[in-house]
Amino acid sequence: MKLKVLWVTPVLTYDAADFLGVAALGSGGWISTMSSKLSQFTESIELHILTMLDSEIATTSTAIINNVSYHFLNAKGSVFKDKHSIASPLKVIINSLQPDIIDIQGVEFHYAKYIPSLSGDAKCVATLQGIISQISHHYKGGLDFWDEVTNRTIRDNLSFDGISERKLKYFRRGQSEVEALKNINHYIGRTSWDKAQSLAINANASYYHNQRVIREEFTRVNWDVAKCKRFSIFVSQGHAPFKGLHQVIKAMSLLRVKYPYISLVVAGRSKMSGSYKDKISSNGYDKYLRKLVEKLNLSGHIDFIGPQNAADMAYNMKNSHVYVIPSFIENSPNSLAEAQSVGTPSIGTFVGGIPDMIEHGVTGFLYNPYDYQVLASLLSKIFESDMLSTELSDNALSYTKKVYQATDEVKSLISIYSEICNG
C-alpha cells in the first residue's frame, strides 16, 4: 500500500530554499537529506512537506520539487510563539491533503500541539528532536545571577529578551511540547535519552528508533592529523548559554601558555564581530562572552565565522585539530555525527544522548559540562598525541559507517510508517 505522508516542519529543505530563492543555512539540514532519500521510494511513499515559515518569504503556497509536494504556510509568530489562530489554516491544509500519517518533525514548536486534534483519520507521529521541556532546565548553562545581571544589554531591557526571559520562553515552548506529546501515541527517536524523556511524558506511546542520515558533504572529506591546523578547536554553535561555548573559552585559557597558537573557530549565529551594529543588537550572553574573551586575553585566538553551509562546515571540521560539543544538554547533535563522519577527533559532554554517540576513550572523549578543567586536559591529550588522535578518528569513522546507513534508515522509516498505519 502506498502511504501519503505529511511532514510538518519549520525547516526549509535545500530544494525548497532554492525554489523560494533564499539561503538554507542553519540547523535541520538532515531533513533535506532524509526527504531527498525518502522521495526516491515513490512506490511506497507519497511525500508532502508542510513548511511553517516564521517569515513571509513564500509567494506561492504549493510546489512539486523532485517528487516532493511542498506546502508553504506563512505562519509568522506561530513557530516560537503560541497563536491559536494557526489551527485554522493547518486544518484546511490537512483536510485538503487527507494524509495517512502526519509526522511532526519536532514538537518543540508551539503549533505542534494543535495538530493532533486536527489530524482526523491520519495517524499522528512525533519525530523527536531536542526535548525542549528538558532544555529549559539547563538554559543558563551554569551562569549565575551575577553573570546575568551585570551583562544585561539595552536590547535585553527594551525587548524583555534577556537570559531569564529566554529561559522562560523555552519553558513555555516546553509546556506546549508536553501537551503535544501527551496527545500523540507514536514517537520516533534516536537515543536512550529521548526514549526515556518522551515515555516519561506519555508511557502509553509507542517508541520507534530511526537514525538520521548524514549529509553527503561530510562523507566526501577525510580528516588527517598531518593536514589539520594544529591546536585548533571547532565548535558548531554557541548562541545560547546552554550550548556551553563559555566553558570552551575557559578551557582555552588554561592551555594558552602551553599552546600559544591555540585557536577556536565558532560557527552559527553570533553577535561577536565587534562591530557597532553587533554591539547594540547583542544580548546578555553575547556581552558575557565578549567580556570573558577580553578578560582572558583570547581576542586574537577566536574566530566567529557565522552560519555555514554543509560544505563549509565539513571543510572547517576537516581543518580543525579537534571538534568539541560543550552543551549542557543535547539529544543527538547532528554536528557531532557529522564531525565523526569526517573523522575529526571529538569531545562531548556526558549529557542527554551524547553518550550514545561517543564511547569514551574509543570514538572520542566525554566530560562533565561544568568541568572545563577536564576539557582542557582532554584537549591536551589530543594535541600531544598524533597516534591517539588518529585512533579516535579511525574508530569514529568505523562507527559512523556502521550506524548511519542512509538506505537502511530510509527503509526503516518506511517500515515504521507502515507499522503505525496498519495498527
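If you're wondering where the values come from, they're calculated on a predicted model, not measured in any experiment.

Definitions and cut-offs
- Residues numbered from 1 in each chain as written.
- Predicted model: local features only at pLDDT ≥ 70, side-chain atom pairs only at ≥ 80, totals over all residues.
- Heavy atoms only, no water.
- Helix = DSSP H or I, 4+ residues; strand = E, 2+ residues; numbered from the N terminus.
- Rg over C-alpha atoms; globule rule 2.2 N^0.38 Å.
- Buried < 20%, exposed > 50% of the residue type's maximum accessible area, 1.4 Å probe, protein only.
- Contact = heavy atoms within 4.5 Å.
- Arc of directions from axis to C-beta.
- Polar contact = N/O pair within 3.5 Å; in protein donor to acceptor, adjacent residues only side chain to side chain.
- Pairing = 2+ DSSP bridges.

**Q** If you had to explain the overall build of the chain to someone new, which residues and values would you point to?
**A** Along its length, the chain carries 18 helices and 14 strands. Taking 2.2 N^0.38 as the reference for a compact globule, 423 residues should give roughly 22 Å; the C-alpha atoms of the chain span a radius of gyration of 22 Å, in line with that estimate. Once the C-alpha set of the chain is aligned to its principal axes, its extents read approximately 65 × 50 × 45 Å. Expressed as a percentage of the 423 residues in the chain, the buried residues total 57%. For the chain, restricting intrachain contacts to residue pairs at least 6 apart in sequence, the fraction spanning at least 24 positions comes to 69%.

**Q** Give me the lowdown on helix 9 (residues 192–201), citing residues and values where you can.
**A** Residues of helix 9 that are buried include every one of Trp193, Asp194, Gln197 and Ser198, and no others. Mapping the buried residues of helix 9 onto a view down its axis gives an arc of 115°, with all of them on the same face. Contact partners of the buried residues in helix 9: helix 5 (132–135), strand 7 (186–189), strand 8 (206–209) and helix 15 (354–357).

**Q** Mind laying out the environment of proline 260, listing which residues take part and the relevant values?
**A** With respect to the helices and strands, proline 260 occurs in the loop between helix 10 (245–255) and strand 10 (263–267). Relative accessible area serves as the criterion here: at 45%, proline 260 is assigned to the partly exposed category.

**Q** Before we move on, can you summarise the side chain of serine 232 with the specific residues and values?
**A** Secondary-structure assignment places serine 232 in strand 9 (residues 232–235). Looking at serine 232, its side chain comes within polar contact range of the main-chain oxygen of lysine 229, at 2.5 Å.

**Q** Pulling in residues and values, what's your account of the pairing of strand 3 (residues 62–65)?
**A** Alternating positions in strand 3 separate cleanly, Ala63 and Ile65 being buried on one face and Thr62 and Ile64 remaining unburied on the opposite face. Here strand 3 pairs with strand 4 (residues 68–74) via four bridges, running antiparallel. Across the sheet, the residue bridging to isoleucine 65 is valine 68, located in strand 4. Here strand 3 folds back onto strand 4, and the loop between the two strands holds two residues, one of which, asparagine 66, carries a positive phi near 50°.

**Q** Account for the pairing of strand 2 (residues 45–53), with residues named and values stated.
**A** The two faces of a sheet get side chains in turn, since along a regular strand they alternate between them. Of all nine residues in strand 2, eight are buried; the element is thus mostly enclosed. Pairing of strand 1 (residues 3–9) with strand 2 involves seven bridges; the strand directions are parallel. Along strand 2, the bridge assignment pairs tryptophan 7 with isoleucine 49. Pairing geometry for strand 2 and strand 4, over six bridges, is parallel. Pairing of methionine 52 across the sheet is with leucine 73, part of strand 4.

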